[in-house]
Structures are given as structure tokens and as C-alpha cells.
Amino acid sequence: MTPRRLPRRRTLLALFAAVALLTISAGLGAAYAVPTATISGNGSTWAAGAIEDWRATVKAQGVTVNYTNDGSSSGRKNFAIGLSDFAVSEIPYSGDTADPQDSQRPSFGYGLVPAVAGGTSFMYNLPVGGQRFTKLRLSQQALAKIFSGQVTRWNDPVIAASNPGVALPAQRITVVVRSDGSGATAQFTLWMLRQFPGDYAKLCAKAGCNPKNATSYFPYQGLSNFTAQSGSNGVTTYTSNTPYTINYDEYSYALGVGFPVAKVKNAAGFYTVPTDKAVAVALTQAKINMDKTSQNYLSQDLSKVYAYGDPRTYPISAYSYLVIPTQTHGAFSTGKGATLGYFATYGLCEGQRSMGALGYSPLPMNLVLAAMDQVLRIPGVDAATKKTISATKAGVKAGTSNKCNNPTFKPGDSPAHNVLTDTAPFPDECNAACQAPWISKRGATVGGGGTTTGGGTTTGGGTTTGGGTTTGGGTTTGGGTAPPGSTAPTCDPVTGQCGTPQATAGGDLNPTAASTVIQGQKTWGPAVFAIVLSVGFLLLLVVAPPLVSRMLDTRAGARGGPPTQGPARG
Amino acid sequence: MYESSEQIEVPSDRDVETQVLELERGLAAPPAPDPQARGRRRPWGRGGARRAGSVDVSGSNVLRGFLGGTQAAELRAEAITAWFGDRKVLDRVSLTMPAGQVTALIGPSGCGKSTFLRILNRMHELIPSASLAGQVVLDGQDIYAPGQRVTDARKKIGMVFQKPNPFPAMSIYENTVAALDLTGTKASREERDFLVEESLKKASLWDEVKDRLHQPGGGLSGGQQQRLCIARAMALTPEILLMDEPASALDPSSTRRIEETIADLRGEVTIVIVTHNMQQAHRISDQCAFFLAEHNAPGVIVEYGDTEAIFSNPRDQRTDDYVNGRFG
Amino acid sequence: MTTRMTDEMVPAPRTPETGSGAGTFTPRDELPPLLHEPERVRTRPPLLERLGLPLGSIAAAVALGLMLGPVLGIIGFGWVPVTAFFWMLVTYIALTRLTENGPAVKDRFVGVLLASAGMIVVALLALVIGFVGWRALKIVGSLRLSFFTTDMGLTGPLSPLKEGGALHAIVGTLEQIGIALVITIPLGIATALFLNEIGGRYARLVRTVVEAMTALPSVVAGLFIYASVILLFTKQFNGFAAALAITVLMLPIMIRSADVVLRLVPGNLREAGLALGAGQWAVVRMVVLPTVRSGLTTAIILATAHGIGETAPVLLTSGVTSNLNWNPFNGPQISLPLAALEFIKSPQPDMKTRGFAVAALLLLLVLVLFVVARLLGGQQAGEITDRQRRRRATQSVRDMSRIESNHAEIAAHLAALRGSDPTQGASR
Amino acid sequence: MTTTYLPDYPASSLDDAVARDIRVAHAPVDQAFRQITRLAGSFVLVIMVLVGTFLSVKAVKAIKSVGVWEFLTTQKWSPETNHFGIAALLTATVTIALIALVVSLPLSLGASLFITEVATGRLRGFLTGAIDLMAAVPSVVYGLWGLVFLQSHMVPFARWLSTYFGWIPIFKVDGADPSNPLPNDALYTSSAFIGALVVGMMIIPIQTSMMREAFSRAPQGEREGAYALGATKWGMIRSVVIPFGKGGIIGGTMLGLGRALGETIALYLILSPVFDINLHILQNGSNSVAVTIALRYGEANDFTMSALMAAGLSLFLLTMAINFTASAIIARSRSGAESEG
């Protein structure tokens, strides 16, 4: 009879196919004896590169972790209300470094697990003389003034003082900040609050914030040369697309797009970039809350980091944290706990090996060990994970190699000692005398609250850096190895300065000299082409109308009626 | 129903037929069917099953109407008053439409002819604000009586509209037997086939479309479409056929065919036709009713009666003026 | 020319002689045989004007634009199209002026402006599609088919472009839109039937509310589902919540377009059905719905195309994941537009390329749906293709004999029955 | 039978007829059909009312805490400190929508007239199809096209505008330095203007199809009447088509406006959000209600969520008012009235 089919059948078909594929994929997944529950987390974009890397690796092992990098504030909130199984954040829920705007805290037990260290870098897009400038140096004072809206021109004396001989353009600085709640912003404003409370107060007076607290929401309102973008991705994309801009974010983002970051003047007066080693050196000064009863157990106090006098240190370095539940709640079951435990343990151990290449810095062993204790508090951690953790602890205690394979640790060393600090290069300007006190201090790291061990001499052997590349012990290694990819940035081994191959090919310290080769110089190529074209078109103008008309007329004539003579009108 | 002969073995096929016939028509029992037909394998039967057995034409709902020679019945409207909202459009109109005859309703626009026609098969109430008083009596039953199903009345009283409206999604074949599906009447393919040919023949369309029955009904010409609509209305063997200006949207030659069709159907079904065309009314009707609504007054029948008399010797001056084209 | 021909073969029309009364003429009788077809009078403007002038003007304009731009360097390259456009107008009007008078020139001028508007709109669309497609091409070389068969689960920040795909987003999109359609199609059509077939004051209220809901901004729909379904019930982002958000947006659109389509069903078709003694449902099922089948299908497909592209509500509800998730009720499930958004936000060139590839895929999906909708929508009820017509023709002829034999058979039986019926006689 | 009858009507009883109760006894299946569709209608009604009620109830909490007046006049958006309002958001939203209209209106008007009046045959079919397709292109595609392609190509134009027309307040750009030979593009990016261009593109199809509908309904008779009076095509369009399609023009424009107000993703990608009223359309930084919701829902706590709902609700009310006005105008116009019947 009358057909009455509506295209519902197609949907059914798709659903059927879905079910079929589901069974197949379930069968494949069962081959691994790993936790099967899927967990989802969200939070920091600062640490997103690291988390995404771990996520992809554990997926290959059959463990599914979903991660959304939508900002630390969002991460803490979703974790607190039970929307996600874990969060990644740079700041805790409480304490003096917390964001007072956080109003939602978990109603269940939770803990902080240090996940990865890194430096807040200042990526910029500064054309000088027609070429992208890659050697910008900034003092911390200049940074504070730029990011508090007091310095608004690139040729400001405060900037020029650090960049002698560079013809900085008289352009407005466009400061790119985060529009969403972000741990990077919290870390950065905390630094400003601690180091330059005056500038921070000025910023707050202008843009409206509490000068007593760091904030996750950068106060940029009313500052006409500030622009806000969402997420680290948005900030980085905008900066890479727009000249005369500068932003703050984790070093990995600049590496990812092959853009330079500002060399920041440390307390010793040297300009450094946030390589894994510079960050490792800096974070030896981080004071870690070792009070196991505190909710903020293992949280960081960075005051001493900012002011550390080592010539190699990158002053604005910090840790990022996994926030984990210590109780089952809502949808968080022990099954998920097993997955989270597995994931966290992977991240703490094997996962740390690729951090250098990504632009982060691996955690030192003492923090890893403390973090492992936190991981054990996750409900439902499975036997395999527990075994890995206990084997790691035993190995470290016995001074033998351990399952963890953390790149900062050498068997027999103190867990508090970070081998990256041994091989961290001194700045060029730092001569032997300048280096001496720090070389002697090598290995004698102060782990705030942790144990301090002496000894540990410099080893000359090849040291493994992040990406697994081995560099000669004699040569200093700069930034992480270039990530494989189409636009691998090349890094200057001396300065740790990174940029695209073309940019560094100019290899001149004086950017004015580089300006002699301006891209897109007028050559006669396209112009000649244009002339030929336009002459052609002019010819067409003269010839086309009658030609077309004739042609079409004859065709029309052939179709019907007797041929016409002359113009058709009349 | 059609298959019932197979299940019911007692007492004999002939008795079943007789009972059905008696029930349906109140007739005397027919004699046994042709013994030759009895033994023959019939090509019809649901699902194409061919089986020997009795002829059960009478047991079929669908074919029931074809057993009698004519199914025409008298239709009587009694004191019909109709309103649209508060506006009264008909005032106590009574008219008897004799069985098997053609009754033409004539009169100027807006005099309530169409409303009257639509009241006859309960189409009037489809308009939300419409209401009415009076009775429409068919087979001795008021079709508006509380117990009466609206669909039953409409099944017995077919209707053809001004504009040909075959169902666009259906073929000619499907259009012709649309009433079966629309009313949920079960029928075998053989019964359908019979109905299609029979109805199309009644509408004098069979010869024109018999070789393209599966083509869409909308592909026919206007006149053919209208005859298809007549065939569609005749498929359920109605007792009454209402026609609302069936030829007004058609050209003269199509109009002539429609008129011929009406003439063919006369006697078989009671026809009530609304028309603006005086000559047409004159040509085709046996009886005429002249409707008139004087300004701001509801429509009434001014005069009715034998067509010849209305046209040749009207008693009312207004009728005389109207049928002679002096106003309208 | 015309005069010549008139002289030759067309007799001059005669006028009735005065005084001869009201006579009539039969001109065909006096017409000489036609030697060859008469020349047709031209009513369109000559080709020189219709095509030559615009083409010439465009050529002149481009020539000038190129001269001023790349050659002489007076204006930037970006200005070439603008300059060319204005110069084209000027040239064309000047050329027209040579032969035409004031109003005609104005007419041409406006004609060019209107044509330009049409062309600009199409050019913009082409630019969008072309740009996205071109940027997505990169992935064709490095990914090939694996883009459709893998998810991003194994793809980390350091993975090369040839790894990873959009399977998880494709699955997410299909499942979410599938769920949304399962809800919206029956509910939407039933509601539209209620508005149209039942009506009444209550239906008018529903229609007004539905109309109001079409104004609901998509992000607010997402926010509603986020704040109600996710925060209160599911406590997690999932594909089903996204499907619900899409549903909230699609439902009013679906109802409205189904309503519009149903309103196009002529009332006399419904009346014809009812007059046959059918119930309301039978009329709806067998007359109304089949009549608007193609229209409804088109409405559904277009609503689907819009629903597939909805990003804002999904952003707030589905959650982001790199992993393939078949289960829309558990855990985040990304869809194509959201995946495109997430990829494109990334500063990494490879991720951006993936973003464009996903966007191109989405565009392709919409395009396919659109073409399907056009094809189906082009066929009205009762309109059939040539192939169908031919098939039906042969079927008709084949069935004709069957029908005739069935008819003869039954008619014979009826006649037999009637013939023996004393009261009826053999009147037929 | 050659008689006729003259029915007799006693005038006295003209009004004594009483309407019968003709309640229809529906068959069970029809009864079921009526009930089911009514149920579907009620279900839809409930859902829609639920959405509205939920939004309103949630929004009330936030609006109450600051007061309606402050909510409408505050520019800042800081629910955390109980200091927030939609003045800047709504201004920016409306600004963007208006610029989008300025851009799209001539194009859609021209395109729709071209389709109905100039183009014929296949060209008309092609254009109609292209414009319908344009409506179906997902907004995320427009957004990324705008972000990656349009922005870089429009910044020089924005710079040119502000350089030469900067004396008009809305084209002024703070911090622009025309004398600087090296342009600072950052000033002109992520602006209301760029965002509005993309939104304008997105609303072209809806406007065009509305206008096309209206224009194509212009009666052939009137068109030929105009031609018969010696009008040129443009003369005919001006005197017949445009007056006839006026309702469609206005209605389509307003529907486009409503759509532009609610646009999210394209602006989310392009805009740099600021919470001050920025009427310098070429200048970096703008905002919209929808973008703010998309940016801030993630980290929002209960109260912040309520504030976002309040913003969303006000946007919804604005869009609804515009849509209803539009449909009223369309329905009342000649072109629309015919479509109803």
C-alpha cells in the first residue's frame, strides 16, 4: 500500500553496527590484565601536555583515561562536585596559596599528588626589523611591570636595559592573559604577589582584584593593552598569530609552536629559560608541606624558589598536582580507584621520562616516593600497582635500580637528589668563579622539609635527558630535545633559546643586522606576471565583446531561422 | 469474513449465504449457485490461495453492496438549521431526496447550498464553530442521532468535491479502493481488483486508465481526476452520492463526461448535486431545489420540485428570475 | 525585412466595408501556402549587450586593479578586488550609457549590484568550504583512511600527524544525533499532528510555546542540561546529556518545520478521506502523512544537519575525550563539532590540521545530508521518476489482465447469485 | 410529476430552532490518536515550560542578590564578589548583532532579489541551494574559518578603517598610532567587528530565504501591471516587489538578529572577552552573553551558575521578544498573510 517509511531505519542500522563493534572492541581490550574502569579528569592546561602524554601511553597499555584541559579552576570544581574522578591543579583548595574564589570543596577525602614540575614561561611574538626576535631578555622587575600594565611599550627603558643593542620597536605590548580560571594564572599572580607586591597592588587597583591574594582569574579589566583568551591553547594560538604580544604559560606550549620564550633574570643576575634542568635546580628550593595530617600535604611553598641565587635557576618554577580522592564517593568506585592508581603511578615513574622533551621537568625521587604514599590512599588501588610502589621503595632504600625508572634518580643516590641539577648548564656569562660555590653545592640539595643529604659528585657520563636522547656529559644540554613533529624548533645549545629554524639561522645577536633581510622584499616576479595578465585582460576587453557576440550569434542563427545579417537590432 | 466458508462447515454453504443475504437485505433465500461454478477452482482467494469450495461472494463485506440491483435510498432532511458561530446560514430547510433520483440544489452564491450538502453527510461539523438543528434521515435513521457513528453515515453517503482531489501519494488503483483501507475494510486482492474495475466502469473511466492503473492519480487530467473521485466514492457502494459543484473547475468537454457519468449512475445511487450551472441542473436532475438567502437572512429553499416544472413553470417570481438568468 | 515578407505572403487584413452589415471573415481560406518559417522577432537584448559588456567590463576592471595593485604598487593587494569591483561598475555603466537612456542605465546598474550580491554570497560560501577543505587536505596525504578508523587515544602531544583519527568523534556524533532523532522525530511529528489535525485553544498555546522556544540560544540549552541533567542526575558528562541538549534545540525546530509541511496538505484531501467514512487516524496515516512524506523527510534531514553542527550545547554537556566511547550513557563522548573546536584551539600545527580535517568531515556530512534532502524534497507526493514510471507502466499492463479476469469471475458469481434472487431480478 | 413546492416558513418561529448536540463519538483508534498526539503536545509543552521555569528559578537567586537594577547596569562580571551585571555583556552582544545586520542586510537583500527577479532556471536553483546549504554549515566551521582565515585578512581593513575614519567614535581604536610604519595588528584582532563579520555571514542565509519567500509571492499580475506601465525591471521591483515583500524584509532581518544574538561558538573562538562597554568596534576585546556562559560554566559554583543563568535568561527573553515581533510582522504583512491561507 502506501509506503510510510521514515528514515528511522538508518539510525537503527547505525546503532546495530555500533553494538557489533562494541563487542569486538571489548574482546580486544580483555587481553590486558590492567584496570578496566575508565576514569575522567579535568583541570590544568598548564600540565595538560604531560597528562595527555601519559594518557596516550597508558591507553596503549589498555587503560582508558579521559582528560579535558579546561583550566585548574574548572578542574577543582568538577572534582569537588563529583563530576570528574580526578583533577589537575597548580594550587590546592585551601591554604594561603589557594584561590579565595574557590567556594566548592570536596565533601569527601582527597589528597594532592605532585605530578610534574615546570616553569612558567613568557612566550612572545616580537618582530624586530621584519624578523621574529628570539633573544628577548627580561628582568623579573620588567615582567612585573609589563604584566601589571605599567610598561606598555616594547622600547620601554625597563625592557631595553636587559636588551642592550637591540632596536626594540616603539610598539604597544599586547599582554595576552587567560580569560578562564587557571592555575597558571594563580602561580603567576602568586609570584607577583610575593616578589612584587607593589606592582601587584597597582594592578589590583586598576583592574580590580584583592591585592592580598593571588587569583586564578587574571585581572585585566580596564587595561587596554591586555587581551584575554581562553585556555593555554587560546593564549598560545593568539600569541603565535599576533605580533607584539607576550603571554605567560607553561614552557611546553612555546615549544609546541616553536616560539621563543623570554630569558628571565634570576636572583643571581643571569638570564635563563625554563628548561627541565633550570626548573630542577630552582625547585630544589621548594618547601614542601610534609605535614601528613594536613589537607595540603605535599603542597609547595615557592618563596625560596623565586629568590634562589643559583646562576642556573629559572625563578618562576612550580609543581602541578593531581588531586585524588581518598574515599569512594558518588560515581567514584574502587574500580576507578584502581585505574587512577595505575595512571598516577605510571605518571610518577615512567611518565616522568618524557617530561623534558615536552617542556616540563621530572619530579625528584623524594617527591615521587611521598607521592606514591598518597597514591596508596586512593581506594581500590590494585595489587600490581601496590607491588610497583613497594618495589620502588625497596629499590631506593637498597640503593639498587628500581622499577620506577625515574630520570632524576641514580641508584645509590639520595632520593632528594635530582641528577638533572648535576648536569644543569651554567650560563655562558658565569665564569668558573661564579660557578664554584654551586658546583660544590651540587647534590647537597635542600628538600624543604625533606631530608638533606650531602655528597654526590658530578658524573661525567652521559646523562639521559627527557626525550631519551643522550648527550655528552661535557657539553651542556639546553632545552629539551626537539619534539618530533613537522615544525620541530631548534634550540640554541648555549642559551637554551628556541625558535624556528629560519629564525635561528640568522644567528645574529644584533637584530638590527638581521633586518637587512626582510621577507617579502619586492621583486619583479609577481609584478611582471601582473602586467602580462592585465595586458591580457585589456586585450580581452577589446576583443571579447564582439567575439563573443559573433560566436553566440552564429550559434543562435544555426539553431533556428534564417541567418541574420549584421547586428541583430533593428 | 470472506474465508468464513472454509471454517464454517455447518450446515451448508448455501445456508450461510442465505442467512447473510437475509440479514443484509431481508430477502428470500437465493437458490443454490450454479453447480458448475461450485466445482471450479476460483482464481481469487486471499493470499493467492486457490482452493475449491463454495462461492462466498455474499459473505464478503466488500461485495455485499453489489448483490442488490440498486442500493439507492431515500434521504430526507428535516428542518435543518445551521449556524457558523452565531451566524445562522440555513433556516429550517426540509427536503426529501428520492431514492435513485438526481436532486440538484441551485441558487446564487452564499445561499447555503454547500452547507446544506455538507450537513447531509456530517461534513459540516468539521468546521469548529459550526452547529446545526434538525434531522437527516437515511434508512429511517437520523444520522445525527447520538448512537450513530459519524463514519457509518459517511460510508453510506459518498461525496465528490468541487475540486478534483485524488490522493496524491496513491496510484489510480489505490485511489479507487482507498475507502477500503481508510475505513479498515478487509478485502482480498481479487475483491479489490473487482472493485477497481467495477467502480472505474461506473465512473466511465475504466477504458481510459485500465492500462495505467499503477500510475499516480494526480497525473490524470482534471476531468479524469474528478471521475476518479467519483469512482473512489462509489467503491463502498454508497446509498447516496453528494456532489458539490463537481464540474465547475472543469472544461466543457470534461463537464459533459461528468454529466454522462451522473446519468449512468442515476437509479443506482441517490445523487444530490450542487451546481451553479442552470443548464447543467436542467440537463441532469430529476428534482431541483432553489436556495436563496436574502440579504442578512439565512438561506432557505424558496421552491423545489420536478426539474421540468422549476425551469418551465416556476411558481415563485424569484425562482423564475433566477432560472432565467435575470439575477444570480 | 518584415515588410518584405508581409508583401510577399501575408494578405493585408481587410476591414469590413462600411454598410455591409456585421459580416465575418474567414482569413485562413485566403492564406497562401507557407514557403519558409517567418523570421522571429528578437525581444531579448543583443548578445553584445548581454554578455559582451559585462565580460568586457570585468576584464577592464581586473586589468585596472592589477595595474594599480601589484604593478604600480599604489594600492595593496587586498584592495584589488574592491577597486576592480568599482571600476567594473563604472565601465559597465559608461558602456551602457552609450546606447541606453536614464532609467535603463539605472536598471542595469541595479542588476549588476544584485548579481554582485548573489555572487558575493556564493563566493563566501565557496571560500569557507574551500578554505576548510584545503587546510584539511594535508591530512589526506599523511593519514589516509586511518583517520576514520582510529581515535586519538594513543595520540599524545608528541605524536606525528599520521597518528590518530576521528573515529571517536564520528561515533559520538552518530550516537548523539541518533538519540536526539529517536526522541525528536516521533515527538515532533506527533506534536505537529496535534497542532494541525486536532487544533483548539490548547494547541495554540503549545504552538506559541514552541515558537518561543525556537528563540532559545543554543548555549542556554546546553546550560540547562548541564545544570539540570548533569549536575543533578548523571553526575558526569556523557553523550546522552549532549543528545538531550541537542533534543531541546531540535524539538521546536522539528515541530515547526513539520507544522509548516503539514499545513501545506490541502484541507480538501482530509475532507475527501473523511467523506469516505474514514476515521481521523486513518486519514492521517493514509492520506496526510503519505502526502507530505518527502516534505517531512526533508524537514527531518535538515534538522539533522543543523543538530549535527550544534557545538555550544555539546561543549557544555558531552565532555571531552580522546578515546572512543561507545556508551553514550557513561563517560565523556566527544562529537565532531566539539572535536573540531578542541583541535582548532590547540596551538600545535598538527592538531590544527586535525581540526580542519574534522571540520571538513563535518561539512561533508552536512553536505551529504543536504544533497539527500534536496533529492528527496524535489519529489512531491505522486511525482515519480521516469524509471518508476516505466516500471509502473509495465506493472499496470501486467496487472490489467489479472484485474479483468478477477472482475469477470466475481461479476459472474454475483450475476449468478442475483439471477436466482427473485426480488432483484436481472436488472443489471 | 410536474409540480413544484413552496416551503412555508412561519416567520414567528424564526428563532426557535436550537442547535443539536452533535458530539462526535470517535472510534477507539481515533480516540487513541487524539490522546497520543495531545500527550505529545503536552509533553513538549512541559519540557519547554520546564526549561523556562528552571532558568527563571535559578536566575532569580542571582538577580535577587544584586537587585534587578544593578544586574542590568553593572558592567563587571564577578559573581564571586557579588558584583556582576549584564550591561557590558548585553551591549556587546547587541553591538555585534547590529554590525552583523549591517553587513548581512545588503547582501541578503541583493541576493534574494537576484534570485527571485534576475536569475532564471538553473542559476536560480543553484543559488537557492547554495544559500540553503550555507544555513546548514555548522557554526564551528564558520568560527574556525573566521579565526584562521578571515581575521588575518580583515585586520588590515580594520586598520585602514580606523586610520581614515578614526574620527568617527565607533571606528576609533585606543592606542592606535597611524604614524607608526609598522602596524600593530594585535590592536585590531578579536574585535567585535571581526566577530560580527562572521556572525553576519551566518545570518545571511536565514535572511535571504525569508526575503526570497516574500518576494517570490509578489503577485504576477501586479508585476505585469508595472511592466505594462513601462517600468524597467528595477522600476517594477521598487514599486511592486519591495513594497510587497516589506514584511519579509523586516521579519527576515529580525529573525537574523535573533540568531545573531544567540551565536556562541564562532564568537567563542574569535572574541577576547572584556567586561567593559567597548563601543570601539574595531578594537580588540568584546563580549557576548553566550560566550561568557560557554567560558565560565565550567568553573562556576552554584551562585556563579545562577548568575550565568540570569544572563542566559535575559538573552533568551531578548531573542524571544525579537522573534515574536518578527513573526507578528511577517504574519501581518501581505506576503506572509497569503502564506498562512
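Residues numbered from 1 in each chain as written. Chains lettered and ligands numbered in written order. Predicted model: local features only at pLDDT ≥ 70, side-chain atom pairs only at ≥ 80, totals over all residues. Heavy atoms only, no water.

As for the overall build of chain D
Of the regular secondary structure elements, chain D holds 13 helices and three strands. On the principal axes, the C-alpha backbone points of chain D span a range of 110 × 60 × 40 Å. Across chain D, every contact between residues at least 6 apart in sequence was considered, and the portion connecting residues at least 24 apart equals 74%. Split by element, the accessible area of chain D, about 13700 Å² in all, is 65% carbon and sulfur. (Helix = DSSP H or I, 4+ residues; strand = E, 2+ residues; numbered from the N terminus. Contact = heavy atoms within 4.5 Å. Areas by Shrake-Rupley, 256 points an atom, 1.4 Å probe, with all protein chains shown as cover.)

A few points about the overall build of chain C
Regarding its fold elements, chain C presents 16 helices and zero strands. Looking at chain C as a whole, 55% of its 428 residues are labelled buried. If you take every contact in chain C between residues at least 6 apart in sequence, the share linking residues at least 24 apart comes to 65%. When the accessible area of chain C is evaluated, it comes to approximately 18700 Å², of which 66% is carbon and sulfur surface. (Buried < 20%, exposed > 50% of the residue type's maximum accessible area, 1.4 Å probe, protein only.)

Section: empty space enclosed by the protein
Counted by the stated rule, this structure contains 18 cavities of 30 Å³ or more. The computed volume of the largest cavity comes to approximately 540 Å³. Glu52 and Asn69 of chain A together with Ser346, Gln348 and Met351 of chain C are the residues nearest the centre of the largest cavity, which is lined by 32 residues in total. The set of elements that each furnish at least two residues to the lining of the largest cavity consists of α2 (48-60), β2 (65-68), α9 (251-257) and α13 (355-358) of chain A together with α14 (336-345) of chain C. (1 Å grid on protein atoms, 1.4 Å probe; cavity = no way out; pocket = protein on both sides within 12 Å on 5 of 7 lines; lining within 4 Å. Points joined across faces, edges and corners; volume = space filled by probe spheres on them.)

A short note on the interface of chain D and chain C
Listed by partner, the interface residues are 80 residues for chain D and 82 residues for chain C. For the pair chain D and chain C, the summed buried surface comes to about 7100 Å²; carbon and sulfur atoms form 83% of the total. Of all residues in chain D, Phe33, Met48 and Tyr297 of chain D give up the largest surface area on contact with chain C, accounting jointly for 10% of the area buried on that side. Inspection of the chain D/chain C interface yields zero salt bridges. On inspection of chain D and its partner chain C, the count reaches nine residue pairs in polar contact (both at pLDDT 80 or more). Top element by residues in the side of chain D that touches chain C is helix α1 (residues 28-66) of chain D. It accounts for 19 residues. Classifying every residue of the side of chain D that touches chain C by side-chain character gives 55 nonpolar, 18 polar and seven charged. (Buried area = accessible area lost by both parts, 1.4 Å probe. Salt bridge = Lys/Arg side-chain N within 4 Å of Asp/Glu carboxyl O. Polar contact = N/O pair within 3.5 Å; in protein donor to acceptor, adjacent residues only side chain to side chain. Nonpolar A, V, L, I, M, F, W, Y, C, P; charged D, E, K, R; others polar.)

Let's talk about the domain arrangement of chain C
Residue and element names in this part refer to chain C. The domain boundaries assigned to chain C delineate domain 1 (47-135) and domain 2 (167-382). Centre-to-centre separation of domain 1 and domain 2, based on C-alpha positions: 41 Å. Taken residue by residue, the interface counts four residues in domain 1 and six residues in domain 2. Across the interface of domain 1 and domain 2, roughly 480 Å² is buried in total on both sides, 82% from carbon and sulfur atoms. Taken as a group, Ile129, Val132 and Arg135 account for 88% of the area that domain 1 buries against domain 2, more than any other trio of residues on that side. (Domains from an automatic or database assignment.)

Describing the sheet that holds strand β8 (residues 270-274) of chain B
Taking strand neighbours across the sheet as the criterion, the seven strands line up as β6(B)-β7(B)-β8(B)-β3(B)-β9(B)-β10(B)-β1(D) in an open arrangement whose pairing is mixed. Sheet topology places β6 (157-160) of chain B together with β1 (4-5) of chain D at the edges, where each strand pairs with a single neighbour. Here four bridges tie strand β3 (residues 102-106) of chain B to β8 of chain B, and the two strands are oriented parallel to one another. Following the sheet pairing, Leu105 of chain B is matched in β8 of chain B by Val274 of chain B. Helix α11 (residues 222-234) of chain B contacts β6 and β7 (240-244) of chain B of the sheet and is inclined by roughly 170° relative to β6 of chain B. (Pairing = 2+ DSSP bridges. Axes fitted to C-alpha atoms, helices over the stretch in contact; angles between N-to-C directions.)

Remarks on a nonpolar patch on the surface
All names here are of chain C. Nonpolar side chains collect at one region of the surface, where Leu364, Leu367, Val368, Val371 and Leu375 lie side by side and expose about 450 Å² of accessible area between them. By the element assignment, Leu367 lies in helix α15 (residues 349-377). Judged by relative accessible area, which is 31%, Leu367 ranks as partly exposed. (Patch = residues over 30% accessible without salt bridge, like charges linked within 9 Å, V, L, I, M, F, W, Y side chains within 5 Å.)

Re the packing of aromatic side chains
Following the criterion strictly, the structure yields 40 aromatic pairs over all chains and no others. Pairing Phe147 of chain A with Tyr248 of chain A gives two aromatic rings, centres 5.8 Å apart and planes at 70°, and the pair type is edge-to-face. Placement of Phe147 of chain A in helix α4 (residues 140-147) and of Tyr248 of chain A in the loop between β11 (245-247) and β12 (249-250) is noted, with a sequence separation of 101 residues between them. By relative accessible area, Tyr248 of chain A is classed as buried at 0%. Seen from their ring centres, Trp281 of chain C and Phe33 of chain D are 5.3 Å apart, and the 35° between their planes marks the pair as tilted. Remark: Phe33 of chain D occurs in helix α1 and Trp281 of chain C occurs in helix α11 (residues 280-291); the pair is interchain, linking two chains. (Phe/Tyr/Trp six-rings, centres within 6.5 Å; stacked < 30°, edge-to-face > 60°.)

Overview of the confidence of the model for chain D
Residue and element names in this part refer to chain D. Overall, the prediction assigns chain D a mean pLDDT of 87, with 93% of residues at 70 or greater. When mean pLDDT is taken per element in chain D, helix α3 (residues 87-118) scores highest with 93 and helix α13 (residues 334-340) scores lowest with 54. Predicted confidence is poor over residues 337-341, with pLDDT under 50, and the contacts of this stretch with residues over four places away or in other chains come to six contacts. (pLDDT = per-residue confidence, 0-100.)

A look at the pattern of salt bridges
Residues and elements named next belong to chain B. If you walk through the whole model with that rule in mind, you get 41 salt bridges over all chains. As a salt-bridge pair, Glu208 and Arg257 come within 3.2 Å of each other at their nearest N and O atoms. With a gap of 49 residues between them, Glu208 in helix α10 (residues 206-209) and Arg257 in helix α12 (residues 252-265) connect regions that are remote in the sequence. Judged by its relative accessible area of 25%, Arg257 falls in the partly exposed class.

A word on the packing of helix α9 (residues 239-263) of chain C against α1 of chain D
Where α9 of chain C meets α1 of chain D, the axes come as close as 11 Å, and the angle between the chain directions of the two elements is 130°. Put simply, α9 of chain C runs oblique to α1 of chain D. As for how α9 of chain C packs across α1 of chain D, the hand of that crossing is left-handed. From α9 of chain C, Val248, Leu251, Pro252 and Ile255 of chain C reach across to α1 of chain D, where they touch Val44, Ile47, Met48 and Val51 of chain D. Across the contact of α9 of chain C with α1 of chain D, the residue classes tally to eight nonpolar, no polar and no charged. (Parallel < 35°, antiparallel > 145°, perpendicular 65-115°, else oblique. Left-handed = near helix turned anticlockwise from the far one by under 90°.)

Here we look at unusual backbone geometry
Across the chain, the bulk of peptide bonds are trans and the bulk of non-glycine residues have phi less than zero. Residues and elements named next belong to chain B. Not every positive phi belongs to a glycine, and Arg122 is a case in point at roughly 60°. Summarising the element assignment, Arg122 is placed in the loop between α5 (113-120) and β4 (130-138). For Arg122, a relative accessible area of 2% gives the class buried. For Glu245, which is not glycine, the phi torsion reads 45° and is therefore positive. Within the element layout of this structure, Glu245 appears in the loop between β7 and α12. The exposure class of Glu245 is buried, given its relative accessible area of 10%.

Description of the sheet that holds strand β8 (residues 137-138) of chain A
Hydrogen bonding along the main chain pairs the strands of a sheet, whether they run parallel or antiparallel. Residue and element names in this part refer to chain A. Read across the open sheet, the three strands follow the order β8-β13-β14; overall the sheet is mixed. A single partner strand is all that each edge strand has here, and the edge strands are β8 and β14 (271-272). Across two bridges, strand β13 (residues 263-265) lies against β14 in antiparallel orientation. Within β14, the residue paired with Lys265 across the bridge is Tyr271.

Section: the state of the cysteines
Considering all chains together, one arrives at three disulfides over all chains under this definition. Here Cys288 of chain B stays unpaired: no disulfide links it, and the sulfur of Cys111 of chain B, its closest cysteine neighbor, is 12 Å away. (Disulfide = S-S within 2.5 Å.)

Some points on α11 of chain C
A turn of α-helix holds 3.6 residues, and therefore any two residues three or four places apart point the same way. With nine of its twelve residues buried, α11 of chain C lies for the most part within the structure. Those residues of α11 of chain C that are buried are in contact with α8 (178-182) of chain B, α6 (167-198), α9, α10 (267-275) and α12 (293-309) of chain C together with α1 of chain D.

Concerning the side chain of Ser314 of chain D
Residue and element names in this part refer to chain D. Tracing the chain through its elements places Ser314 in helix α12 (residues 302-332). Looking at Ser314, its side chain comes within polar contact range of the main-chain oxygen of Ala311, at 2.8 Å. In contact with Ser314, not counting residues within four places along its chain, are Phe71 and Ile86.

Some remarks on the packing of helix α7 (residues 201-213) of chain C against α9 of chain C
How two helices sit against one another is set out by the angle between their axes and by the gap between those axes. Residue and element names in this part refer to chain C. Running from N to C, α7 and α9 point in directions that differ by 125°, and their axes come no closer than 8 Å. It follows from the interaxial angle that α7 and α9 lie oblique. For the pair α7 and α9, the sense of crossing is left-handed. Contacts from Arg207, Val210, Glu211 and Met213 in α7 reach Pro252, Ile255, Arg256, Asp259 and Arg263 in α9. Considering only residue class, the contact of α7 with α9 consists of four nonpolar, no polar and five charged.

What to know about the pairing of strand β3 (residues 86-89) of chain A
Residue and element names in this part refer to chain A. A two-sided burial pattern is seen for β3, the buried positions comprising Phe86 and Val88 on one face and Ala87 and Ser89 on the other. Across three bridges, strand β1 (residues 39-43) lies against β3 in parallel orientation. When the sheet's bridge partners are listed, Gly43 is paired in β3 with Val88. Here β3 runs beside strand β17 (residues 317-325); their pairing, made up of three bridges, is antiparallel. Opposite Ser89, over in β17, you have Tyr321 as the bridge partner.

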